[in-house]
Amino acid sequence: MNESDLLLLNSTIESMRQVFMQSMDASQPIPIEQGLIQSGISVLIGIMGDLQGRLVFHGDLETFSCLGESMFGMPLEGEMLHSFIGEMANMIAGKTSTILSDKGKHVDITPPTIMLGQLEIYGFVAGIHVSVHLEEIGKIHIALLFHTKGGST
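Reading guide: rules and limits
Residues numbered from 1 in each chain as written. Predicted model: local features only at pLDDT ≥ 70, side-chain atom pairs only at ≥ 80, totals over all residues. Heavy atoms only, no water. Patch = residues over 30% accessible without salt bridge, like charges linked within 9 Å, V, L, I, M, F, W, Y side chains within 5 Å. Areas by Shrake-Rupley, 256 points an atom, 1.4 Å probe, with all protein chains shown as cover. Salt bridge = Lys/Arg side-chain N within 4 Å of Asp/Glu carboxyl O. Helix = DSSP H or I, 4+ residues; strand = E, 2+ residues; numbered from the N terminus. Buried < 20%, exposed > 50% of the residue type's maximum accessible area, 1.4 Å probe, protein only. Axes fitted to C-alpha atoms, helices over the stretch in contact; angles between N-to-C directions. Parallel < 35°, antiparallel > 145°, perpendicular 65-115°, else oblique. Contact = heavy atoms within 4.5 Å. Nonpolar A, V, L, I, M, F, W, Y, C, P; charged D, E, K, R; others polar. Pairing = 2+ DSSP bridges.

### Points about a nonpolar patch on the surface
Part 1: Residues Leu61, Ile114 and Leu116 make up a contiguous nonpolar surface patch of about 240 Å² in total accessible area.
Part 2: Within the fold, leucine 116 resides in strand S7 (residues 113–116).
Part 3: A relative accessible area of 48% places leucine 116 in the partly exposed class.

### Brief notes about the packing of helix H2 (residues 61–72) against helix H3 (residues 78–102)
Part 1: Look at H2 against H3: their axes get within 10 Å of each other, and the N-to-C directions meet at 75°. As the angle between them shows, H2 and H3 are arranged roughly perpendicular. In this structure, H2 contributes Leu61, Phe64, Ser65, Leu67, Gly68, Met71 and Phe72 to the contact, and H3 contributes Leu81, His82, Phe84, Ile85, Met88 and Met91.
Part 2: Taken together, the residues of the contact of H2 with H3 break down into 10 nonpolar, 3 polar and no charged.

### Some words on the environment of isoleucine 109
Part 1: As for its placement among the helices and strands, isoleucine 109 is situated in strand S6 (residues 107–109).
Part 2: Under the relative-accessibility criterion, isoleucine 109 is labelled partly exposed at 28%.
Part 3: Placed 21 residues apart in sequence, isoleucine 109 and methionine 88 show a C-alpha to C-alpha distance of 14 Å.
Part 4: Ignoring anything within four residues of it in the chain, the contact list for isoleucine 109 reads Ile45, Gly46, Asn90, Ala93 and Gly94.

### Some points on the environment of phenylalanine 124
Part 1: One can find phenylalanine 124 in the loop between strand S8 (119–121) and strand S9 (126–134).
Part 2: Of the residues examined, phenylalanine 124 reaches a relative accessible area of 2% and is grouped as buried.
Part 3: A C-alpha to C-alpha distance of 8.2 Å links phenylalanine 124 and glycine 35, two positions 89 residues apart in sequence.
Part 4: Apart from residues lying up to four places away in sequence, phenylalanine 124 is in contact with Ile32, Glu33, Gln34, Gly35, Leu36, Leu145 and Phe146.

### Some remarks on the pairing of S9
Part 1: Along S9, 8 of the 9 residues are buried, which leaves the element largely enclosed by surrounding structure.
Part 2: The sheet contact formed by strand S1 (residues 24–26) and S9 spans 3 bridges and is antiparallel. Across the sheet, residue aspartate 25 finds its bridge partner in S9, namely histidine 133.
Part 3: One ladder, built from 3 bridges, connects strand S2 (residues 30–32) with S9; its direction is antiparallel. Note on S9: the bridge partner recorded for proline 31 is isoleucine 128.

Any functional reading would require information that these geometric values do not contain.
Pasting the structure below:
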């Protein structure tokens, strides 16, 4: 993992702390080989500019529902839950962009793409996986996927 990858990862985790405003622990980063397999629900956001790649949040519907309830005080399900998950990812990516800007890096983000069910993601060369445990809520997994071996450029 190069310095840019670490900057993007740490900025993403910091933005999650700001968005969720609750106790959380992040696992050590694990390299991802080609063909990320996940199930449940996922959100993909593209990152372009000084740092490039794809940011994927994934987890199970129950975890995201608990998170929505903790943030908004009401249970979320169906399309409302899907909308919340996309907006949550958009808020994290937006805050990540702001944190990176404060560190002299300019990035733009794409709108979130929500994916349901089991899927495999290809089209990346390298990646990093981190699990974030939110106390009394569950785990949200983060994957940073890069187009080059050295990660973001």
